[in-house]
Amino acid sequence: MLRRPATSTQITHLQRLWLYGLVGLVIAFLIIPCLIVVPMSFSDSQYLEFPPRVWSLRWYEAYFFSSEWRQSTWVSLKVGAVTTILATILGTLASYGLHKSTNVFKPIVRGMLVLPMMVPLIFVAIGVFFVYARLGLNNTIAGLVLAHTTLAIPFVMIAVGNGLSGFDMNLERAARGLGASPVRAFLTVTLPQIRISVLSGMLFAFVTSFDEVVVSIFVSSGANSTLTKRMFANIRDQVDPTVAAISSLLVVLSIVVLVAGQFIQRRGRSGPSPD
Amino acid sequence: MTVMVQETEPVVLNNSLLQRSRNLQGISFIGLSLPAAMLVAAVLIIPFSWLAWLSLFDAAGNLSTENYVRLLRPAYVDSFLTTFKVAGLVTAICVLLGYPVAYLLSQLPQRATQILMVFVILPFWTSVLVRTYAWLVLLQRQGIINQWLLSSGLISEPLPLVHNMTGTVIGMVHVMLPFLILPLYASMKAIDPVLLRAAANCGASPAQAFRQVFLPLSLSGLSAGIALTFVLCLGFYLTPALLGGGRVAMWSTQIADMVAKFANWGAASALSVVLLVVTGGILWGVNRFMRVPDAWGGKR
Amino acid sequence: MGAGKVSIRHVHKAYGAFKALDGISLDIYPGEFLTLLGPSGSGKTTLLNVIAGFERPDSGSLMVDDVEFITRPPHKRDLGMVFQNYALFPHMDVFDNVAYPLKLRGIDRESIRNRVMGALETVHMDKLEARRIGELSGGQRQRVALARAIVFEPKILLMDEPLSALDKNLREHMQMELKRLHNRLGMTTVYVTHDQQEALTMSDRIAVLDRGRVVQLDTPQNIYDHPNCKFVAGFMGETRFLPVEWRDNSYHLGNRSLRLASQPYCDVNGWLIVRPERLRWAGNAQRDNRIAGKIMDIVYRGDSHLISVSLAGNHEISIRHTGLEGKELPVPGQEIELWLTPEASVVVGDAVQ
């Protein structure tokens, strides 16, 4: 097996063994920190151990029975859900508009809309903190939603833009030619064709909001603290194993999201479903 | 028999009518992006411009360069240097670790690539906070790595791996590595494998073919990845704040401190403006510099 | 330096259940222009890649000038190759592309310059040595790729559909140029194409491949005039097949006995090959074979009219009418008689006998 050529220029697997080893180490470096908190969160000890000497659900109990943790989780879910809806609608509209527009200002608008993805989060954080203070939006759900929607729009736009670039605009023209109004043509022909991209844009939007920390640190506190804000404060002040339990749940969530994303794309690639 | 239209009537070209209709269409489509653009303006552009404007005034409200002059104090200059040092170090390590991964990804058969790609993307999807926390747990004094090193007898005292530069760099490399690997992989994937066959056919050994053909062709993707990684490092807040333990004063942590601890908006804004200019300058420079390699990488 | 002789013996290569090469044996003579011709999936490119060293066959032998090459890595084979899409290095200019094989061979700069300029002159590219690859047209890239393949004077030159990316006029022009170049340089050339016209124009010999086997190996003339099976006949020219039956010691088309000038390439029942240019408007009933039919439709083609004729048994053939036959252009529905000389009448079987 090892002596068989791995490339068309006849380099064997044996000759590339060092490369496989090196890449294996890098992958281990990437993956282990993402996964190691899961077994450690089942430790009974105040100091997290690996492998745990005594297994227990103690830190999960600490999470689920704490009204503060529950409340902040609820805030994060609410903000994430509303952000997903808003960002998907605004981002899809913007992406579609820019795709079809021939206006000279198109590059400027596009550049402006991807800006939230490019600038350091700390800028966004102090900016909204400063303005929200004048508008009374600090520590409100609405303030968080507005900021998170802004951050999520570029991701939705990129996902939908990918879908649109693979979409044959002649289909929409055909619909128009058959008598559909522009809105109807979009809703009945274009949108169904790019729905996979819109779905993955939604996924991005939710994750962007749910995982966002830096802006939340500044503009959420007290009863409206997000989960990440509370975790951040907790990690900075002491290493509380409850965070390990929450982190494990978040790791599981991200794996679910990743698998869901792959599944959506797989389905998308195999063509429109019969239903 | 000749067939020709006799133009007896004046020619109607409808130029102005058509132009107006075209303009209207252009506006109506770009208008769809208006709600999103307004939100971005309200949440990002206006607040930041407002802060940038404020940075031009001193505490008494007079126009002054005070906020910028203050940035020349040693504390700020140090943070400036620290930021560049960390960003440079993290980027360099990312290149060393990321290049082989991207290379292998681009060379493996599709199935293997898909599997390997999951390992690169999983960290991407995992919350930065969770990963930073994991590193804290791994690297702290009683953390796993120190425990293993102690029990294996390699060290007698726990190593200070976190709440310092070491921890910050390790944590940031972990966050940034996918940002380097993904664009690099994309550019390597675009290199036609037949070029390596052609090199072999010309008499190049695999090592020569890599050095003389593959490496030069991957440089445009590599420089894009380096620029992205470096710029992201410059403004990165979370990992230095948590793994630096207050000892690694980077730009972003200083901006946060000035706002949160001292409510010194003028200084924070000035620092942000400088950071923005530097970041924008690097991206602009790289973009300009990249034009040349793109010319031969793009079309074939 | 050897002569450039290639001996391929029993080469097998399978991808899973698909047999890309199914026991190919082939001798390529020094200095000849040999074309591997076949449809896609016939194994012609795989065979070329085996010779170049980019595919390792499952079994078999590949001797180049009596040296076993089968496991030799490609960069130690010293074979020139022109790739389908040229595979020019986009980060090097024209000169550096052509100089690349010479640099790898550690040749001094002075000689490199002379030889590169010589090679570029050979392909009429000597004025453009400083151009970037992105600035060249398809035909120019083709020439550079050719210069790079011949600059180190390999004994054997491999070409993988080198003209397929060019438009028709340029392709025909390059065919002539490649042919002349081969005559001048005299290196053994193995040429892969799916274009029968190209193969007929350029080759000394053609090997027709189908499903990983060499079906017929012969001169272009023989391949065209005397295909040894239905597949080869169908691959060359605009061929129609009429079923013939073996009875009473001769082949019959319908109930007429066929007069053949050469031995048929089948045992029992077979096919008569009918090509438009071999059909005659007039013939000798004592000597030639007669085919009766009815005109279906007439299509104007510029240089001629192409006329479809339907025959008994729901068969269809076509013939050209150039206006020089001394016959009026017929009209659809008209009954006519067409003629094939015995020399032009070739009967083949479904498979090679």
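Residues numbered from 1 in each chain as written. Chains lettered and ligands numbered in written order. Predicted model: local features only at pLDDT ≥ 70, side-chain atom pairs only at ≥ 80, totals over all residues. Heavy atoms only, no water.

S.K.: Would you explain the overall build of chain C in this entry?
M.R.: The secondary structure content of chain C amounts to 8 helices and 19 strands. By its C-alpha atoms, chain C is 75 × 45 × 35 Å across when sized along the principal axes. Of all intrachain contacts in chain C linking residues separated by at least 6 positions in sequence, the fraction that spans at least 24 positions is 67%. Just so you have it, chain C exposes about 15,900 Å², and 47% of that area is on carbon and sulfur atoms. Charge centroids of chain C, computed over 43 positive and 44 negative side chains, lie 2 Å from each other. (Helix = DSSP H or I, 4+ residues; strand = E, 2+ residues; numbered from the N terminus. Contact = heavy atoms within 4.5 Å. Areas by Shrake-Rupley, 256 points an atom, 1.4 Å probe, with all protein chains shown as cover. Lys, Arg positive; Asp, Glu negative; His and termini not counted. Charge placed at Lys NZ, Arg CZ, Asp CG, Glu CD.)

S.K.: Looking at this structure, I do not really get helix 8 (residues 165–189) of chain B. What am I missing?
M.R.: Each α-helix turn comprises 3.6 residues. Residues three or four places apart therefore point the same way. All names here are of chain B. When the terminal C-alpha atoms of helix 8 are compared, their 35 Å separation across 25 residues agrees well with the 36 Å that a helix rising 1.5 Å per residue should span. Within helix 8, the axis deviates most sharply at Met-176, by approximately 35°, and proline Pro-178 lies no more than four positions further along. For helix 8, the side-chain oxygen to backbone nitrogen distance between the N-cap and Thr-166 is 3.1 Å, and the N-cap itself is Asn-164. (Expected span 1.5 Å × (residues − 1). Bend = angle between axes of the 7 residues up to and from the residue. Polar contact = N/O pair within 3.5 Å; in protein donor to acceptor, adjacent residues only side chain to side chain.)

S.K.: Any chance you could explain the domain arrangement of chain C here in plain terms?
M.R.: Note: interface size is frequently given as the accessible area lost on complex formation between the parts. Residues and elements named next belong to chain C. Considered domain by domain, chain C is made up of domain 1 (6–225) and domain 2 (230–348). Taking only C-alpha atoms, the centre of domain 1 and the centre of domain 2 are 38 Å apart. Each partner contributes residues to the interface: domain 1 has 14 residues there, and domain 2 has 9 residues. With both chains or domains summed, domain 1 and domain 2 bury close to 1,000 Å², and 67% of this area falls on carbon and sulfur atoms. Considering only the side of domain 1, the residues that lose the most area to domain 2 are Gln-196, Tyr-224 and Asp-225, jointly responsible for 50% of the buried surface there. Inspection of the region where domain 1 meets domain 2 yields 1 salt bridge. Note that Asp-225 and Arg-278 form a salt bridge whose closest N and O atoms lie 3.1 Å from each other. Counting across the interface, domain 1 meets domain 2 through 4 residue pairs in polar contact (both at pLDDT 80 or more). Broken down by secondary-structure element, the contributors of at least two residues to the side of domain 1 that touches domain 2 are helix 6 (196–202), strand 9 (205–210), strand 10 (213–218) and helix 7 (220–225). The class makeup of the residues in the side of domain 1 that touches domain 2 is 8 nonpolar, 4 polar and 2 charged. (Domains from an automatic or database assignment. Buried area = accessible area lost by both parts, 1.4 Å probe. Salt bridge = Lys/Arg side-chain N within 4 Å of Asp/Glu carboxyl O. Nonpolar A, V, L, I, M, F, W, Y, C, P; charged D, E, K, R; others polar.)

S.K.: Whenever I open this one, helix 2 (residues 94–104) of chain C confuses me. Can you help?
M.R.: Across the 11 residues of helix 2 of chain C, 9 count as buried, placing the element largely inside the fold. Looking only at helix 2 of chain C, the buried set comprises C:Val94, C:Phe95, C:Asn97, C:Val98, C:Ala99, C:Tyr100, C:Pro101, C:Leu102 and C:Leu104. If you follow the buried residues of helix 2 of chain C, they end up packed against helix 9 (194–202) and helix 10 (206–234) of chain B together with helix 3 (109–122) and helix 4 (138–150) of chain C. (Buried < 20%, exposed > 50% of the residue type's maximum accessible area, 1.4 Å probe, protein only.)

S.K.: Help me understand the pattern of salt bridges, please; the structure alone is not making it clear to me.
M.R.: Side-chain pairing between opposite charges can occur once the charged atoms of the two side chains come close. All names here are of chain C. According to the stated counting rule, one finds 24 salt bridges over all chains in the structure shown. In this structure, Arg-9 engages Asp-27 in a salt bridge whose closest nitrogen and oxygen atoms are separated by 2.9 Å. Of this pair, Arg-9 sits in strand 1 (residues 6–15) while Asp-27 sits in strand 2 (residues 18–28); the two residues are 18 residues apart in sequence, bridging distant segments of the chain. In this structure Asp-27 comes out as partly exposed when scored by relative accessible area, which is 29%. A salt bridge links Arg-205 to Glu-32; the nearest nitrogen and oxygen atoms lie 2.7 Å apart. Separated by 173 residues along the polypeptide, Arg-205 in strand 9 and Glu-32 in the loop between strand 2 and strand 3 (33–37) bring together distant segments of the chain.

S.K.: What is the right way to look at the interface of chain B and chain A in this model?
M.R.: Every contact between the two is made by 73 residues of chain B and, on the other side, 81 residues of chain A. Between chain B and chain A lies a buried interface of about 7,100 Å² when both sides are counted; carbon and sulfur atoms form 85% of it. Seen at the junction of chain B and chain A, the total is 3 residue pairs in polar contact (both at pLDDT 80 or more). If one sorts the elements of the side of chain B that touches chain A by residue count, helix 2 (residues 34–54) of chain B sits on top with 14 residues. Looking at the side of chain B that touches chain A residue by residue, the classes come out as 60 nonpolar, 11 polar and 2 charged.

S.K.: Which parts of the structure should I look at to understand empty space enclosed by the protein?
M.R.: Vacant regions in the atomic arrangement are exposed by a probe of water-molecule size rolled over the atoms. All told, the structure shown has 2 cavities of 30 Å³ or more when counted by the stated rule. Taken as a whole, the largest cavity holds about 80 Å³ of empty space. Around the largest cavity sit A:Phe206, A:Val207, A:Phe210, A:Asp211, A:Leu250, A:Leu253, A:Ser254, A:Val257, B:Trp125 and B:Ser127, which together line it. Of all the secondary structure elements, the ones that give two or more residues to the lining of the largest cavity are helix 10 (195–211) and helix 13 (241–269) of chain A. Along the lines of polarity and charge, the residues of the lining of the largest cavity split into 7 nonpolar, 2 polar and 1 charged. In this structure, the second largest cavity encloses a volume near 40 Å³. (1 Å grid on protein atoms, 1.4 Å probe; cavity = no way out; pocket = protein on both sides within 12 Å on 5 of 7 lines; lining within 4 Å. Points joined across faces, edges and corners; volume = space filled by probe spheres on them.)

S.K.: So what exactly am I meant to see when it comes to the UniProt feature "transmembrane region" (unreviewed entry) in chain A here?
M.R.: All names here are of chain A. Under the UniProt annotation, the feature "transmembrane region" (unreviewed entry) is placed at residues 20–42, 79–99, 111–135, 141–164, 203–223 and 243–264. Between the end C-alpha atoms of residues 79–99 the distance is 29 Å, and the span holds 100% helix and 0% strand. This span, residues 141–164, is 100% helix and 0% strand, and a straight line between its end C-alpha atoms measures 33 Å. (UniProt positions renumbered as here; feature names shortened; annotations may be inferred.)

S.K.: Just checking my understanding: could you explain the environment of B:Gln140 for this structure?
M.R.: Topologically, B:Gln140 is positioned in the loop between helix 6 (128–139) and helix 7 (144–151). On the basis of relative accessibility, which here comes to 17%, the residue B:Gln140 falls in the buried class. Measuring from C-alpha to C-alpha, the distance between B:Gln140 and B:Leu105 comes to 33 Å, with 35 residues separating the pair along the chain. The contacts of B:Gln140, once residues within four sequence positions are left out, are A:Val239, B:Asn146 and B:Val162.

S.K.: Can you walk me through the pairing of strand 12 (residues 250–253) of chain C in this structure?
M.R.: When a strand is regular, its side chains alternate between the sheet's two faces. Residues and elements named next belong to chain C. As paired strands, strand 11 (residues 240–247) and strand 12 are joined by 3 bridges and run antiparallel to one another. If you follow Glu-245 over to strand 12, its bridge partner there is His-252. Taking the residues that link successive antiparallel strands as the turn, the strand 11-strand 12 hairpin has 2 residues, and the phi of Asp-248 there is positive, at about 50°. Counting the residues that bridge the hairpin from strand 12 to strand 13 (residues 256–257) gives 2 residues, and of these Gly-254 lies at a positive phi of roughly 65°. (Pairing = 2+ DSSP bridges.)

S.K.: Sorry, what's going on with the packing of aromatic side chains here?
M.R.: Inspection of every chain in the model, using the stated rule, returns 31 aromatic pairs over all chains. With a centroid separation of 5.7 Å and 65° between ring planes, the pair formed by A:Phe129 and A:Phe218 is classed as edge-to-face. With A:Phe129 in helix 6 (residues 121–135) and A:Phe218 in helix 11 (residues 214–219), the pair connects residues that are 89 residues apart, well separated along the chain. Relative to A:Phe204, the ring of A:Phe155 lies with its centre 6.1 Å away and its plane at 20°, an arrangement referred to as stacked. Separated by 49 residues along the polypeptide, A:Phe155 in helix 7 (residues 141–165) and A:Phe204 in helix 10 bring together distant segments of the chain. A:Phe204 sits in the partly exposed class, given a relative accessible area of 30%. Cluster of aromatic residues (ring-pair linked, three or more members): A:Phe129, A:Phe130, A:Phe218, B:Trp50 and B:Trp265. Lying over the aromatic face of C:Phe152, C:Arg105 brings its terminal NZ or CZ to 4.1 Å of the ring centre. Seen from the ring of C:Tyr224, C:Arg275 lies directly overhead, with NZ or CZ sitting 4.1 Å from the centre. (Phe/Tyr/Trp six-rings, centres within 6.5 Å; stacked < 30°, edge-to-face > 60°. Lys NZ or Arg CZ within 6 Å of the ring centre and 35° of its normal.)

S.K.: Is there a simple way to think about the sheet that holds strand 18 (residues 335–340) of chain C in this case?
M.R.: Picture the strands of a sheet paired through backbone hydrogen bonds; they go either parallel or antiparallel. Residue and element names in this part refer to chain C. Read from one edge of the open sheet, 4 strands run 17-16-15-18, paired in antiparallel fashion. This sheet does not close on itself; its edge strands, each paired only once, are strand 17 (315–321) and strand 18. Strand-to-strand twist of the sheet, defined as the mean angle between neighbouring strand axes without regard to direction, takes the value 45°. Sheet analysis places strand 15 (residues 289–300) next to strand 16 (residues 305–311), joined by 6 bridges and oriented antiparallel. Its bridge partner being in strand 16, Ile-295 is matched across the sheet by Val-309. (Axes fitted to C-alpha atoms, helices over the stretch in contact; angles between N-to-C directions.)

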